[in-house]
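Examination of the molecular architecture
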Amino acid sequence: MSTEPRINDRIRVPEVRLVGPSGEQVGIVPLAKALELAQEYDLDLVEVAATARPPVCKLMDYGKFKYESAMKAREARKNQAHTVIKEMKLRPKIDPHDYDTKKGHVVRFLKQGDKVKITIMFRGREQSRPELGFRLLQRLADDVQELGFVESSPKQDGRNMIMVLGPHKKKTEAMAEARAAADARKAERQGRTVGSDAATAESDEPVEAQDAADEAEAPEAAAPVEQPAEASQGA
């Protein structure tokens, strides 16, 4: 079933509530009159509220309206942020170096505006020491508190203990900051390229000026002197 509104001759009702090109209320008019006004304004008669009684129609440039609507929808999709939950797994007796690596990943996820599910995996006798997992999760939450907060407190789930961290920044804000940083880096690279070209041009100028000065100071080559014809015959 088509979702596009009916326009012009496709509208099949005896009368409509007409809205003018600038949004002004014209009132209820016969369909023939509304189509006549549409021709006078060189616009389309578009049904904008089909369920109303009578249906509401507006005078507009339907082609332009569709184009602008498509651009708005495209921009909305571009800025749309999908909530993503990343997962990071740790052991209760994790090595300090491994902890720093895992924490780095959590920091990166939070900066991107994503939620992070932290899972502590207990094995064997570790299951009788849940406080080890709780302290580790609390430590991690404290280490990243500037970027995220505890959205779901630690809780036991079978052999695992789970906590969810939420970012302080929204996904859309993180995406906007990432785009701005990328644009800044691009502009900086372009600036360095332009600066390098300018420096090269400046370094060439003194050489050209010196060459010109050398040519001005160099003596002109002496023209050959021709002997008089009589002197050459006598010789």
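See above for the structure.
To keep things clear, this report deals only with the structure shown in the data block.

What counts, and where the lines are drawn
Residues numbered from 1 in each chain as written. Predicted model: local features only at pLDDT ≥ 70, side-chain atom pairs only at ≥ 80, totals over all residues. Heavy atoms only, no water. Patch = residues over 30% accessible without salt bridge, like charges linked within 9 Å, V, L, I, M, F, W, Y side chains within 5 Å. Areas by Shrake-Rupley, 256 points an atom, 1.4 Å probe, with all protein chains shown as cover. Salt bridge = Lys/Arg side-chain N within 4 Å of Asp/Glu carboxyl O. Lys, Arg positive; Asp, Glu negative; His and termini not counted. Charge placed at Lys NZ, Arg CZ, Asp CG, Glu CD. Helix = DSSP H or I, 4+ residues; strand = E, 2+ residues; numbered from the N terminus. Buried < 20%, exposed > 50% of the residue type's maximum accessible area, 1.4 Å probe, protein only. Core = buried A, V, L, I, M, F, W, Y, C linked by side-chain atoms within 4.5 Å. Contact = heavy atoms within 4.5 Å. Pairing = 2+ DSSP bridges. Axes fitted to C-alpha atoms, helices over the stretch in contact; angles between N-to-C directions. Parallel < 35°, antiparallel > 145°, perpendicular 65-115°, else oblique. Left-handed = near helix turned anticlockwise from the far one by under 90°. Nonpolar A, V, L, I, M, F, W, Y, C, P; charged D, E, K, R; others polar. Expected span 1.5 Å × (residues − 1). Arc of directions from axis to C-beta.

1. Focus on a negative patch on the surface
- The grouping of Asp95, Asp98, Asp100, Asp142 and Asp143 at the surface amounts to a negative patch.
- Position of Asp98 among the secondary structure elements: in helix H3 (residues 96-111).
- The class of Asp98 is partly exposed, set by a relative accessible area of 38%.

2. A few points about the nonpolar core
- The biggest cluster of nonpolar side chains holds 19 residues, and the ones touching the most others in it are Met88, Leu90, Val106, Val116, Ile118, Ile120 and Leu165.
- Listed by contribution, the elements that provide at least two residues to this core are strand E5 (85-90), H3, strand E6 (115-121), helix H4 (130-143) and strand E8 (160-167).
- In this view, Met88 contacts Lys102, His105, Val106, Phe109, Val116, Lys117, Ile118 and Thr119; residues no more than four positions away in its chain are not counted.
- Among the nonpolar cores identified, the runner-up in size contains 13 residues, and Val29, Leu31, Ala38 and Leu45 belong to it.

3. Considering the side chain of Asp114
- Relative to the helices and strands, Asp114 is located in the loop between H3 and E6.
- In this structure, Asp114 is in contact with Val84, Lys86, Phe109, Pro167 and Lys171, ignoring residues within four places of it in sequence.

4. Some remarks on the pairing of E8
- The buried fraction of E8 amounts to seven of the eight residues, a majority that puts the element mostly inside the structure.
- Bridge count between E6 and E8: six bridges; the pairing is antiparallel. Paired with Val116 across the strands is Leu165, a residue of E8.
- Pairing between strand E7 (residues 148-157) and E8: seven bridges, direction antiparallel. Residue pairing across strands places Gly148 opposite Pro167, the latter belonging to E8.
- Count of turn residues in the E7/E8 antiparallel hairpin: two residues, of which Gly158 carries a positive phi of about 70 degrees.

5. Quick word on the packing of H3 against H4
- One can describe the packing of H3 onto H4 by two numbers: an axis separation of 11 Å at closest approach and a directional angle of 50 degrees. As judged from the angle between their axes, H3 and H4 are oblique. Pair H3 / H4 crosses with right-handed handedness. In contact with Tyr99, Lys103 and Val106 of H3, H4 contributes Leu136, Arg139, Leu140 and Asp143.
- Partitioning the contact of H3 with H4 into residue classes produces four nonpolar, no polar and three charged.

6. Points about H3
- Taking 1.5 Å as the rise per residue, H3 with 16 residues should run 22 Å; its terminal C-alpha atoms sit 22 Å apart, in good agreement.
- Looking only at H3, the buried set comprises Tyr99, Val106, Phe109 and Leu110. For H3, the buried positions fall inside an angular range of 95 degrees around the axis, keeping them on one side. In H3, the exposed residues that point more than 90 degrees away from the buried face are His97 and Lys111.
- Looking at the buried side of H3, the elements it contacts are E5, E6, H4, E7 and E8.

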